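Here is how the chains run, residue by residue.
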Amino acid sequence: EGKEMYGNTLMAVTIDFTKMIKWIPTFIDGTIVTVVLALMTVILGCILGLLAILMKRSHIKVLNAISTAYTQVIRGTPMLLQLYIWLYGFPMIGISIPSIPMLGSIYGSREFLTAVVALAINSGAYICELLRGGLDSIDKGQMEAGRSLGFSNLETMRYIIVPQAIRVVLPGLCNEFIMMIKESSIVSVVGVFDIMYTSNIVKASTYSVFEPLIIIAIIYFALTSVLTTIMSLIERKLKVYA
């Protein structure tokens, strides 16, 4: 009797992807938002990570302490918690990311911009560690060579050390972008329209749960596969010119 009931339940579940055809534009829009969000996050994260590593390498102890605390706190707490703090916690004490209507209802919304800031700060802490590894791989004699040419410590870092370090860590930065494509899906829980959030829209309109999730999984897989291929090509180019 139990097997018969289980069989009837399976028969009652129907998979119909034809209902998803008219929602293709929605999936495409969500995919674009996800890519833009990840790209903005990594670009801002690179800037923050570079500032953090320069502060960590500074002889000023206060800057060093701030950078160390930043990386430890961010790397030691969940990204979702950080997003909640930025979106719901900080506004309670008067710190809030304002909306920018001129950017549109999606990209200019407070939720989207707050997500960019929260995720960029998170990404910056990890990129800081990537850059640290890249800087450590550069021969220390190059700093002395830069100083002998009349450059200051900052100028030597800017014109000699950092460009070489970026070349070393570029594969890691590409990997960070790929990871952020997937990790950014958490913004859907706070109402940001991305590829993951489209499942809620489609589910509410079609009462289909399985089909939109499968389509979203395929989109994520396609995005990460293409980016992984591009990253492999970049690594080969770097090896050729090394």
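Going by the structure above, here's the rest.
Computed from a predicted model, the values in this text were never measured in an experiment. (Residues numbered from 1 in each chain as written. Predicted model: local features only at pLDDT ≥ 70, side-chain atom pairs only at ≥ 80, totals over all residues. Heavy atoms only, no water.)

Colleague: Summarise the overall build of the protein; cite the residues concerned and give the values.
Modeller: The number of helices and strands found in the protein is nine helices and zero strands. What you see in the protein, going N to C, is helices and strands ordered as α-α-α-α-α-α-α-α-α. Across the 242 residues in the protein, those meeting the buried criterion constitute 38%. Within the protein, residue pairs in contact and separated by at least 24 positions form 73% of the contacts whose partners lie at least 6 positions apart. Carbon and sulfur atoms provide 69% of the accessible area of the protein, an area that totals close to 14,100 Å². (Helix = DSSP H or I, 4+ residues; strand = E, 2+ residues; numbered from the N terminus. Buried < 20%, exposed > 50% of the residue type's maximum accessible area, 1.4 Å probe, protein only. Contact = heavy atoms within 4.5 Å. Areas by Shrake-Rupley, 256 points an atom, 1.4 Å probe, with all protein chains shown as cover.)

Colleague: Any chance you could break down the pattern of salt bridges for me, citing the residues and the numbers?
Modeller: Under the counting rule described, the total for this entry stands at two salt bridges. One salt bridge connects Arg132 with Glu129, and the closest N-O pair in it is separated by 3.0 Å. One end of the pair, Arg132, and the other, Glu129, are both in helix 5 (residues 110-136), three residues apart, so they sit about a helical turn from each other. Salt bridges sharing common partners tie together Lys56, Glu129 and Arg132. (Salt bridge = Lys/Arg side-chain N within 4 Å of Asp/Glu carboxyl O.)

Colleague: Break down the nonpolar core for me, citing the residues and quoting the values.
Modeller: Within the largest apolar cluster, 55 residues are counted, with the highest numbers of intra-cluster contacts made by Phe27, Leu83, Phe112, Leu119, Ile181 and Val187. When contributions to this core are tallied by element, the ones reaching two or more residues are helix 2 (24-56), helix 3 (61-75), helix 4 (79-89), helix 5, helix 7 (153-183) and helix 9 (210-241). Apart from the residues within four sequence positions on either side, Phe112 is in contact with Val33, Val36, Leu37, Met40, Ile106, Tyr107 and Val192. (Core = buried A, V, L, I, M, F, W, Y, C linked by side-chain atoms within 4.5 Å.)

Colleague: Go over the packing of helix 2 against helix 3, please, and point to the residues and values.
Modeller: Between two packed helices, the angle of one axis relative to the other and the distance separating the axes together describe the packing. Between helix 2 and helix 3, the shortest axis-to-axis distance is 7 Å and the interhelical angle comes to 135°. Judged by the inter-axis angle, helix 2 sits oblique to helix 3. As helix 2 runs across helix 3, the sense of the crossing is left-handed. Taken together, the residues of helix 3 that come into contact with helix 2 (itself represented by Leu48, Ala52, Met55 and Lys56) are Leu63, Asn64, Ile66, Ser67, Thr68, Tyr70 and Thr71. (Axes fitted to C-alpha atoms, helices over the stretch in contact; angles between N-to-C directions. Parallel < 35°, antiparallel > 145°, perpendicular 65-115°, else oblique. Left-handed = near helix turned anticlockwise from the far one by under 90°.)

Colleague: Requested: an account of the state of the cysteines, with residues and values cited.
Modeller: Considering all chains together, one arrives at zero disulfides under this definition. Left unpaired, Cys46 is separated from the closest cysteine sulfur, that of Cys174, by 9.5 Å. The structure places no disulfide on Cys128, whose sulfur is separated from the nearest cysteine sulfur, that of Cys46, by 12 Å. The exposure class assigned to Cys128 is buried, which follows from its relative accessible area of 0%. (Disulfide = S-S within 2.5 Å.)

Colleague: Outline the packing of helix 2 against helix 5, supporting the account with residue identities and numerical values.
Modeller: Packing of helix 2 against helix 5 brings their axes to within 5 Å, and their N-to-C directions diverge by 50°. When the interaxial angle is binned, helix 2 and helix 5 end up oblique. As helix 2 packs across helix 5, the resulting crossing turns out to be right-handed. When grouped by side-chain class, the residues that make up the contact of helix 2 with helix 5 number 20 nonpolar, five polar and three charged. (Nonpolar A, V, L, I, M, F, W, Y, C, P; charged D, E, K, R; others polar.)

Colleague: Report on the side chain of Thr224, specifying residues and quantitative values.
Modeller: Tracing the sequence through the fold places Thr224 in helix 9. Engagement of the side chain of Thr224 in a polar contact is seen with the backbone oxygen of Tyr220, the distance being 2.9 Å. Setting aside anything within four residues of it in sequence, one finds Thr224 in contact with Ile178 and Lys182. (Polar contact = N/O pair within 3.5 Å; in protein donor to acceptor, adjacent residues only side chain to side chain.)

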